[in-house]
Every structure is written in structure tokens, then in C-alpha cells.
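Close look at the chain arrangement
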Amino acid sequence: MVATIQTLVQDNSERLEELQARIGYRFKDIRLLQLALVHSSFAFERMKHGRHNETQEFLGDAVLDLTLGYILFTRFPEMREGNLTRIRAALVNESGLAGMARAISLGDYLLLGHGEEASRGRTKPSILSCAYEALIGGIFLDGGYDAALSFVRKWFEPLIDRRRELLMSADAKSSLQELLQERHNAGPEYVLDIEEGPAHARMFTVSVHFQGNSLGTGTASSKKVAEQQAAHEALKHLNSPAH
């Protein structure tokens, strides 16, 4: 029997109710939620006209970029553009979105073709991230920008502060380089101060200097990590109220 979105809604009504309760949003047009759950493999095997979630995913991708961009812009008004972009990219990459999909058990509700079902498609990051963006696209179509923003804020804001600290620490060298280039049109210099310990457990202490001043120091088991730590300390120093 050939399926349509409407017959799928009828067949899956209880599961759709369950998912709406899980995500905290009730659709006025439940077909938009159902479409977000239809993978192309299922559509090609079972559905008339082969409708699936990829065009809704396209919209959701744009909506997610806009809503997250607005949240980050208003939350960190003094943060530089490059850092805002990096935080958003870390939140919306495939693995990040797949993690958000797992948080609401979205994989349990997907409609997959036989091949994807057999190859554990419900756990694949590519399929989960696509469905998550399709879900956001559906919320936007159903309730407009405010509904989409509310959904994204609810699920992403708890991650933002933690992700910001991890990201700023991990990419501190790039951030410091950009900051000093912007302010002084020159970059920092990293100096290896101490290298100690046995060959299998070396420790490196690195300091970062600019215009004759030491801005920060880091110690780690690799020079690269020590440089990132030093840059992180330098950024805290340069971004303090005194500067």
C-alpha cells in the first residue's frame, strides 16, 4: 500500500503525540512534524511522489543559523565576530546536532527504508542531524520565527556557556592572533621557557609575549597545548576591564 503524509499521520498519531510532549512544542499542522521524520529511503520505497524531509531540512538549517546567531549576538554583545562564528559552528556541526537529536530520542520516531533500518540508520549522525534540522524547519513553518527561536533557546542555551569556555580554550591562539592584529597590526611570540621530565613524560612551559611584555604562561605535556593555555591566559588578561 502506498503511503501519504496524511495516512502516516493517522497511523502514527500516538507516537506523534508522544514526540510533541518530549520536545515541548505542539504543532498546529501535525503533517509538518510527520514530514520531518520521513527519511528519503522510506519515501522512495513506500510513498506516493516520494516526499521526504530533505527540503524541510534545508529550511531548518537556515533557521537554526539565524536563531542561534541571534541568541549568541544578544548573549555576548562584546564578543568578536570570529569567536561567535566558531561557537555557532561547534553547536551546529553534524555530531553536535546528532547529539541534540539523541537528547529527544528523535531516532526512535524516524521512518526509514529497509536498507537504512538494517544498517542501523537510526543511530547514524548524518540521518539524525538531518531530521533535527527538518524538525526545526517544521516548527518555523508551523509557528513562525518566534516559535523556532523559543525551541532553539530551550535546547541550546544550556550548552552555550559550556561550549564557549571549551571553544575559547581550544582555539585561544587564533583568537589572540586576531585580537592583536586588530588592535596593533602585529602578532604574539611564543617562547619555550622550560622543558623538563623524563623522555616518556616531558612537560613544557611556554609563555606568550607581545611588545616586550609577557601576557600569559601555560604548562602541559605538549608544546601545542601549553601554547593554547598561554594564549588563553593572555586573552583573559587583555579582555579584563583594565584593558
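For the structure itself, look to the data block above.
A brief report on the enclosed structure follows. Because the structure is a prediction, the values reported are computed rather than measured.

Conventions adopted
Residues numbered from 1 in each chain as written. Predicted model: local features only at pLDDT ≥ 70, side-chain atom pairs only at ≥ 80, totals over all residues. Heavy atoms only, no water. Helix = DSSP H or I, 4+ residues; strand = E, 2+ residues; numbered from the N terminus. Buried < 20%, exposed > 50% of the residue type's maximum accessible area, 1.4 Å probe, protein only. Axes fitted to C-alpha atoms, helices over the stretch in contact; angles between N-to-C directions. Parallel < 35°, antiparallel > 145°, perpendicular 65-115°, else oblique. Left-handed = near helix turned anticlockwise from the far one by under 90°. Contact = heavy atoms within 4.5 Å.

**Details of unusual backbone geometry**
What is expected of a backbone is that most residues other than glycine have negative phi and most peptide bonds are trans. In the Ramachandran plot, Arg 120 falls in the positive-phi region, its phi being about 60 degrees despite a non-glycine side chain. Within the element layout of this structure, Arg 120 appears in the loop between helix H8 (114-118) and helix H9 (125-170). Exposure remark for Arg 120: the relative accessible area of 59% places this residue in the exposed category. The phi dihedral of Asn 185 is positive, around 55 degrees, even though this residue is not glycine. Relative to the assigned elements, Asn 185 resides in the loop between helix H10 (172-184) and strand E1 (189-196).

**Describing the packing of H10 against helix H11 (residues 223-238)**
Taken N-terminus to C-terminus, the directions of H10 and H11 make an angle of 45 degrees; their axes are 8 Å apart at the nearest point. Taken together, H10 and H11 sit at an angle that is classed as oblique. With respect to the hand of their crossing, H10 and H11 are arranged in left-handed fashion. Where H10 abuts H11, its residues Ala 172, Lys 173, Ser 175, Leu 176, Leu 179, Leu 180 and Arg 183 lie against Glu 227, Gln 228, Ala 231, His 232, Ala 234, Leu 235 and Leu 238.

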